[in-house]
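Single-letter residue listing:
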Amino acid sequence: MNLISIFILSIFFVKQYQAEDEQVINLSVVACGDRVPETLVLLKSALMFTLSKLNFFIFTEKNLQYQFTDQFNQWPKFVQKKFSYSIFEPKFPNNNREEWRKLFKLCASQRIFLPEILEKVDSLLYVDTDVLFLTDLDQVWSHFKKFNQTHLAALAPEHEEANMGWYNRFARHPYYGRLGLNSGVMLMNLTRMREFNFVNKILPLYQTYRYNITWGDQCLLNILFKFHPDRLYKYDCSWNYRPDHCMYGSNCRTAEKSGAKILHGCRRVFQSEKEPAFREIYKAFEKYDFTEESIRSLYAKIRDAFDKDSLKATYCGKVKDIFLKNLKPGLKIHKQILTKEYLNFNKMLKFFFFFQI
């Protein structure tokens, strides 16, 4: 075989090994204090189901940054090829930096300032650290195409039923719509936010309502979109499925029909026994290591967990189809991708080994 043929074949194998979809999805997360381990599980879940390349914008304290880079370097090479990343130290206004840093959860209010910090980024998906993806990020990213000319962000409702609502019963400030918004999963068109002068509109709201807000930046977003409802695109609760949607009985109708797409383990339910359904799913993802065997183990552990008496005794444990509906086909696709990547990688090794003989 001549050198030209070898060159052509090598290009073929490299192209086979590259991602098929060139779309890049920007994903941002803020992880301070003890939030790094669950953030790594979150990022792992994003990589498992998503065909597009991912670009991570990670905000964390300087002494924690090595935990991300060390873990990224331990993941298989074909996984490392699926994403790029930038790590930043959190940045807040100089005149009251500590006040913003400690507003509600440590560093969580960083999202408010993303339009100015990431000044060259057009759009991104921001998520809290206590989130797990059960489906392809391309699906949630596709909501950007549904924005009208005024929408600059997307959020899901805080509650579905008034008798369970927090904002309608306890808020001491204006809030969006009938039951308010939850900010755990947020699509942000940063270009439009900059044009809207988003940060400078939030700052005076904080000065006015600082002693009335409970949930930090989430309350500020509720206040802002109360006064500018035309700027918000609202998606349904299946994109931000929380214990509140099942702990007293199922109340997220879209998730009942199409399954939960993104889990939000708020109030530390991933780390506690308060809601074992969420805890068992998190534990399974935590142990996953990008091998075919661990895919089978992951799904089996989650499926079998719902047969435990401890889960059956909870309302969330009685709606297992909501948790499994998207997970099963998503893992099937991931397994096919995984098999293909390992197969292509082995082909490349054999190919180059052959021509070294």
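Residues numbered from 1 in each chain as written. Predicted model: local features only at pLDDT ≥ 70, side-chain atom pairs only at ≥ 80, totals over all residues. Heavy atoms only, no water.

**So, helix α10 (residues 198–209)**
Over its 12 residues, α10 runs 17 Å from end to end, which matches the ideal 16 Å to within 8%, given 1.5 Å per residue. Among the residues making up α10, those that are buried are Phe198, Val199, Ile202, Leu205, Tyr206 and Tyr209. For α10, the angular spread of buried residues about the axis comes to 125 degrees, placing them on one side. Tucked into the core, α10 has its buried residues touching α5 (97–101), α6 (114–117), α9 (190–196) and α11 (217–227). (Helix = DSSP H or I, 4+ residues; strand = E, 2+ residues; numbered from the N terminus. Expected span 1.5 Å × (residues − 1). Buried < 20%, exposed > 50% of the residue type's maximum accessible area, 1.4 Å probe, protein only. Arc of directions from axis to C-beta. Contact = heavy atoms within 4.5 Å.)

**A closer look at the state of the cysteines**
Taken as a whole and assessed by the stated rule, the structure comprises 3 disulfides. Shown here is the disulfide that connects Cys237 with Cys252, its sulfur atoms set 2.0 Å apart. One disulfide, between Cys237 and Cys252, carries an S-S torsion of 100 degrees and so falls in the right-handed class. Separated by 15 residues along the polypeptide, Cys237 in the loop between β8 (232–234) and α12 (253–258) and Cys252 in the loop between β8 and α12 bring together distant segments of the chain. Exposure class is identical for Cys237 and Cys252. Each is buried. Residue Cys246 pairs covalently with Cys316 via a disulfide, S to S 2.0 Å. When the S-S torsion is 90 degrees, as for the bridge of Cys246 with Cys316, the disulfide is right-handed. Within this pair, whereas Cys246 is found in the loop between β8 and α12, its partner Cys316 is found in the loop between α15 (309–312) and α16 (320–324), the two being separated by 70 residues in sequence. Here Cys246 matches Cys316 in class, with each residue buried. (Disulfide = S-S within 2.5 Å.)

**Focus: helix α14 (residues 292–305)**
Residues spaced three or four apart along an α-helix face the same direction, because each turn holds 3.6 residues. Across its 14 residues, α14 extends 20 Å between first and last C-alpha, which sits within 8% of the 20 Å expected from 1.5 Å per residue. Of the positions making up α14, those classed as buried are Ser294, Ile295, Leu298, Tyr299, Ile302 and Ala305. When α14 is viewed along its axis, its buried side chains cluster within an angular range of 140 degrees and face the same direction.

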